[in-house]
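# Structural features, examined
The chain contents come next:
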Amino acid sequence: MEITTMSQAMQLHARILKSGSGSPENTTHELIKLFTFSALSGNLTYASHVLDSLPTQPSSYFYNTMIRAYSQSPDPTRALHFFLFMHRQQLRPSGPAPRPDKFTYPFVLKACSRSRRTRLGRQVHGLIYKSDLESDRFIRNSLIHMYSGCGESGLAEKVFDGMSDRDVVSWTSMIDGLVDDDRPLEAVRMFQQMLDDRIEPNEATIVSVLRACADTGALSIGRRMHALVDEKREIGLKANVNTALIDMYAKCGCIDSAMRLFNSIGRKDVFAWTAMISGLASHGQCQDATELFDQMEQLGLKPDERTITAVLSACRNVGRVTKGYAYFKSMRRKYGVRPTLQHYGCVVDLLSRGGRLNDAEELIRKMPIKPDAVLWRTLIWACKIHGDIDRGERLMKHLDHIDSTDCGSYVLLGNMYASTGKWHDKARVRKLMNHRGLVKPPGCSRIEVNGLLHEFTAGDSTHVEAEKIYGKMDEIEERLREEGYHPKLSEVLLDIEDEEKAFQLRHHSERLAVAFGLIKLSPGAEIRIVKNLRSCEDCHTVMKLISKIYQREVMVRDRIRYHHFRNGECSCRDYW
């Protein structure tokens, strides 16, 4: 009997139990068919029931199939419980159960990765070593994937470095892990090493590298990936590859290229639509983003929670408060999407930036989900921007019991105190951060020149061409003064002299990057910069002036959105 439905499986099981006859070999064969179908179709409760009814000790096939199925289920920790059960069975007096083998461990490691059980993953690694299975390439690749998925890219690298027979899976797992661990520059370099080793990338590699390109702004490598996709027709037909390409072009500042690619795709899934809407949102093209959202609806595609986030971000980035709030209010009724913390965060930011601080505070207090520190920080920061310091100080009590590792809340508290001249209180917050070992991430800007990524931090003097860069910055400073520029010293929230504040502003990371771009890029070439933090108001003013003085288009992607500076103006219209 061929099993194609769960109903047929249950009928077969009932027949086996009722007959109680026939050769043991035939009965076992039928039970194996029944068990395999139940496990791989996701009915693990029934598969477990079949397993318990086996007339003999289950073979390793049964244990491995259950562990594999549980590792891919919504609750991967059950694979770990079953693995431990397999071990306990070896101690039973009725006879040892099958030992874990090379087919067991990869799925146990997958379950560790999905549940982020790093400690247990290390223990499993120890068992693999004791079982003399560590040399198996499939298991080593699984170890790399497990450590990377648990945020232990350093341990993944140790396994990777110890391999002499790396294949495309080894390289891809390592690249993907570096991207997930917020090390995209290293991921790009590793991809280049992979090509040097003559390993041909596959679909998963290309998606991982495109993610790294999107994070770093490595446009030339992203275009190289696109050319590779065009060469490999079968990969170019994959929906996830096209979505990654759209995202890469949008995040590298080429929103027109992203749109051309989007329009060239025949059958678009919800992920492609979401990537395009999100890209338009980050470039401040709210009208285009909302029109695309409406078009998606008209075609009968149901938006998911990420699509709603994208369209809310589009409204937030240009201050379309009424439209954005309308999307938010209808998302559950019209689209069946339950609002998450991220959706509430978008709307709180939307209201806060628009100056509707009362409405934003009321929304936080009435929301059915417990607000996190990020939501309160969003509103408190808006209080600072709009000059409502009393409200900001009143709301700071919600950060009193913050997670001791939440650096952002401490930084905000310190900045709020600094903005009101309470330097003693700011020093107290700084002392507490130092005591808890918390360090504010430094401002960092990246620029791609001739296919190579260059990274700068504030006041950086380590670059090989640092002398030329600082010479160019002196020239820029002189020309800025000729245009009537005066630094906005209030952006420096430090208790120091005005001259030192001006010096601090002058050496922000994006200014070093733009100076380098002016030196190295040909006249008229666009200067593209990716920054890890929000741009300060003074740097925003400087970039506008540079675009006018040098007649260059400067694009800066900060933590919030893209800024296109042309002829002394910014695409954000000073709203960000």
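Bear in mind the structure is a predicted one, so any value in this text is a computation, not a measurement.

## Regarding the nonpolar core
Core analysis: the largest hydrophobic core is formed by 137 residues, its most contacted members being V124 and I246. Residue contributions to this core peak at eight residues, all from helix 17 (residues 270–282). Residues within four places of V124 in sequence aside, it is in contact with F83, Y105, V108, L109 and C112. Core analysis: the next-biggest nonpolar cluster, separate from the first, contains 31 residues, I447, F456, I469 and V514 among them.

## Some details on the packing of aromatic side chains
Note on aromatic pairs: each is described by the distance of the centres and the angle between the planes. Using the criterion set out here, one finds 12 aromatic pairs in the structure. Ring plane angle 85 degrees and centroid distance 5.6 Å describe the contact between F293 and Y335, whose orientation is recorded as edge-to-face. Highlighted residues: F293 in helix 18 (residues 286–298) and Y335 in helix 20 (residues 321–335), separated in sequence by 42 residues. Per residue, the accessibility class of F293 equals that of Y335, and both read buried. Each member of the aromatic cluster is reached from another via a ring pair, and the members are Y63, Y70, F82 and F85. Positioned above the aromatic ring of W381, the side-chain terminus of K384 is 4.7 Å from the ring centre. Lying over the aromatic face of Y550, R479 brings its terminal NZ or CZ to 4.7 Å of the ring centre.

## Digging into the pairing of strand 1 (residues 444–449)
The element strand 1 is largely enclosed, with a buried count of six among its six residues. Neither face of strand 1 is left uncovered, since the one carrying C444, R446 and E448 and the one carrying S445, I447 and V449 both have all their residues buried. Across six bridges, the pairing between strand 1 and strand 2 (residues 452–457) is antiparallel. Along strand 2, the bridge assignment pairs E448 with L453. Hairpin connection from strand 1 to strand 2: two residues lie between these consecutive antiparallel strands, with N450 at a positive phi of about 55 degrees. Of the strand pairs in this sheet, strand 1 and strand 3 (residues 527–531) are connected by three bridges, and their pairing is antiparallel. Of the residues in strand 3, the one forming a bridge with R446 is V530.

Rules of the game
Residues numbered from 1 in each chain as written. Predicted model: local features only at pLDDT ≥ 70, side-chain atom pairs only at ≥ 80, totals over all residues. Heavy atoms only, no water. Core = buried A, V, L, I, M, F, W, Y, C linked by side-chain atoms within 4.5 Å. Buried < 20%, exposed > 50% of the residue type's maximum accessible area, 1.4 Å probe, protein only. Helix = DSSP H or I, 4+ residues; strand = E, 2+ residues; numbered from the N terminus. Contact = heavy atoms within 4.5 Å. Phe/Tyr/Trp six-rings, centres within 6.5 Å; stacked < 30°, edge-to-face > 60°. Lys NZ or Arg CZ within 6 Å of the ring centre and 35° of its normal. Pairing = 2+ DSSP bridges.

Everything listed here is a matter of geometry and, on its own, says nothing about what the molecule does.
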